[in-house]
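# Architecture and fold: a report
Spelled out, the chains give:
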Amino acid sequence: MNAPVPPSQFQRRPLSVRMATPRGFCAGVDRAIQIVERAIEKYGAPVYVRHEIVHNRHVVDRLKGLGAVFVKELDECPDDRPVVFSAHGVPKSVPATARSREMLFLDATCPLVSKVHVEAERNFAAGRHVILIGHAGHPEVVGTMGQLPAGAISLVETVEDAEGFQRPGDQPLAYATQTTLSVDDTAEILAALKRRFPELPDPHKEDICYATTNRQEAVKRLGDGCGLVLVVGSKNSSNSARLVDVALKAGAGDARLVDDAGDLDWSWFDGVETVGLTAGASAPEPLVQGVIDALRTRFDVTVTEDDGARETVTFKLPRALTT
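Residues numbered from 1 in each chain as written. Predicted model: local features only at pLDDT ≥ 70, side-chain atom pairs only at ≥ 80, totals over all residues. Heavy atoms only, no water.

Turning our eyes to something else, we now look at the overall build of the chain. Along its length, the chain carries 11 helices and 12 strands. Projecting the C-alpha coordinates of the chain onto the three principal axes gives extents of approximately 85 × 55 × 30 Å. Out of the 323 residues in the chain, the part that is buried amounts to 50%. For the chain, long-range pairs separated by at least 24 residues make up 77% of all intrachain contacts whose partners lie at least 6 apart in sequence. As presented, the chain carries roughly 15,000 Å² of accessible surface, and 52% of it is formed by carbon and sulfur atoms. Considering the chain, the positive charge centre built from 36 side chains and the negative charge centre built from 44 side chains are found 4 Å apart. (Helix = DSSP H or I, 4+ residues; strand = E, 2+ residues; numbered from the N terminus. Buried < 20%, exposed > 50% of the residue type's maximum accessible area, 1.4 Å probe, protein only. Contact = heavy atoms within 4.5 Å. Areas by Shrake-Rupley, 256 points an atom, 1.4 Å probe, with all protein chains shown as cover. Lys, Arg positive; Asp, Glu negative; His and termini not counted. Charge placed at Lys NZ, Arg CZ, Asp CG, Glu CD.)

Written out as structure tokens, the structure reads:
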């Protein structure tokens, strides 16, 4: 006779898991993390990091274990240890202060954020007032606004803000965007601005970065085919939070942001046959695999990989770490 089947196997129902492609780390995040790792290798611990290098708790905790010390401001750093500026970018006053203190500093600002800074400075030099579409208080927004003198940039967060914006005097206008916004939401805000200010020029290049756009498009493809979409990422990660919004707008029955498998609530899966799974640009792939492993303890899981954009972008490390 055949051996009896363990009761637990009777309880497992099928669950289809669709993996979004692309997901997880982008080139800017990978570069920033490498900068901290290599700085520790080259200069020894501790290496100070101004703000979280990227918005992911697991990444930050791992780097702490290697010898990184995360601080809010430069005044918490000693003069004789290296300091790394986060991937989100910093106001101009920060490197100026570091130079005045003769500190060794490494700038891990994502090159695509740096591009936004350059565009803002170019428009300011041309006499234009810059409208920045973004979220107040986000480090990237603080860094971009800090590239220009006070009053040279106006922050617009919503369509309502766009409708209420008043041009300073008779200045011509330009605009820029935070790189991690919802593509669709930004288009709505921009449409409102252009309706009021038809002369507003198009950006030199799209500010919302390729990785943000690709991850949002991948989540849209999951769309209404999924009863639940799980986004792996930390709560303070703007691009991860936007993926939840995009999934819901695309027709997912539900969408949740989870830091890791420990955040899963099994009641979310009641009546769900297909789960979409993705990760924000600052979330490591092992966290995604950890979610799949957790699902397999409860369900008979079938995993399929969605087709999506293949990313080949890489960014160079600072010369100080490669010579």
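Partitioning the chain into domains gives domain 1 (14-25 + 210-305), domain 2 (27-110) and domain 3 (111-196). The straight-line distance from the C-alpha centre of domain 2 to that of domain 3 is 26 Å. Taken together, both faces of the contact between domain 2 and domain 3 bury some 940 Å²; the carbon and sulfur share is 62%. It is His88, Lys92 and Cys110 that lose the most area in domain 2 upon contact with domain 3, and together they represent 54% of the buried surface on that side. Measuring nitrogen to oxygen at the nearest pair gives 2.3 Å for the salt bridge that ties Glu121 to Lys92. Taken together, the residues of the side of domain 2 that touches domain 3 break down into four nonpolar, five polar and two charged. (Domains from an automatic or database assignment. Buried area = accessible area lost by both parts, 1.4 Å probe. Salt bridge = Lys/Arg side-chain N within 4 Å of Asp/Glu carboxyl O. Nonpolar A, V, L, I, M, F, W, Y, C, P; charged D, E, K, R; others polar.)

Further remarks concern the pattern of salt bridges. Pairing is possible between side chains of opposite charge, provided their charged atoms come close. Applying the stated rule across the entire model yields 19 salt bridges. Among the ionic pairs, Glu163 bridges to Arg195, the shortest N-O distance being 2.6 Å. Taken together, the positions of Glu163 in helix H7 (residues 159-164) and Arg195 in helix H8 (residues 183-196) put the pair 32 residues apart, joining distant regions of the chain. A relative accessible area of 54% means that Arg195 is categorised as exposed. With a shortest N-O distance of 3.0 Å, Asp254 and Arg256 are connected by a salt bridge. By relative accessible area, Arg256 is classed as partly exposed at 33%. Connected via shared salt-bridge partners are Arg57, Asp61, Asp259 and Asp260.

With that out of the way, let us pick up the packing of aromatic side chains. Going through the model one piece at a time under the given rule, you end up with five aromatic pairs. On the numbers, 5.7 Å between centres and 75 degrees between planes, the contact of Phe165 with Phe197 is edge-to-face. With Phe165 in the loop between H7 and strand E8 (173-177) and Phe197 in the loop between H8 and helix H9 (210-222), this pair connects stretches of sequence that are 32 residues apart. Judged by centre distance (5.4 Å) and plane angle (40 degrees), the rings of Trp266 and Phe269 are tilted. Looking at Trp266, the relative accessible area reads 24%, which means it is partly exposed. Through pairs of rings, three or more aromatic residues link up here, namely Trp266, Phe269 and Phe299. (Phe/Tyr/Trp six-rings, centres within 6.5 Å; stacked < 30°, edge-to-face > 60°.)

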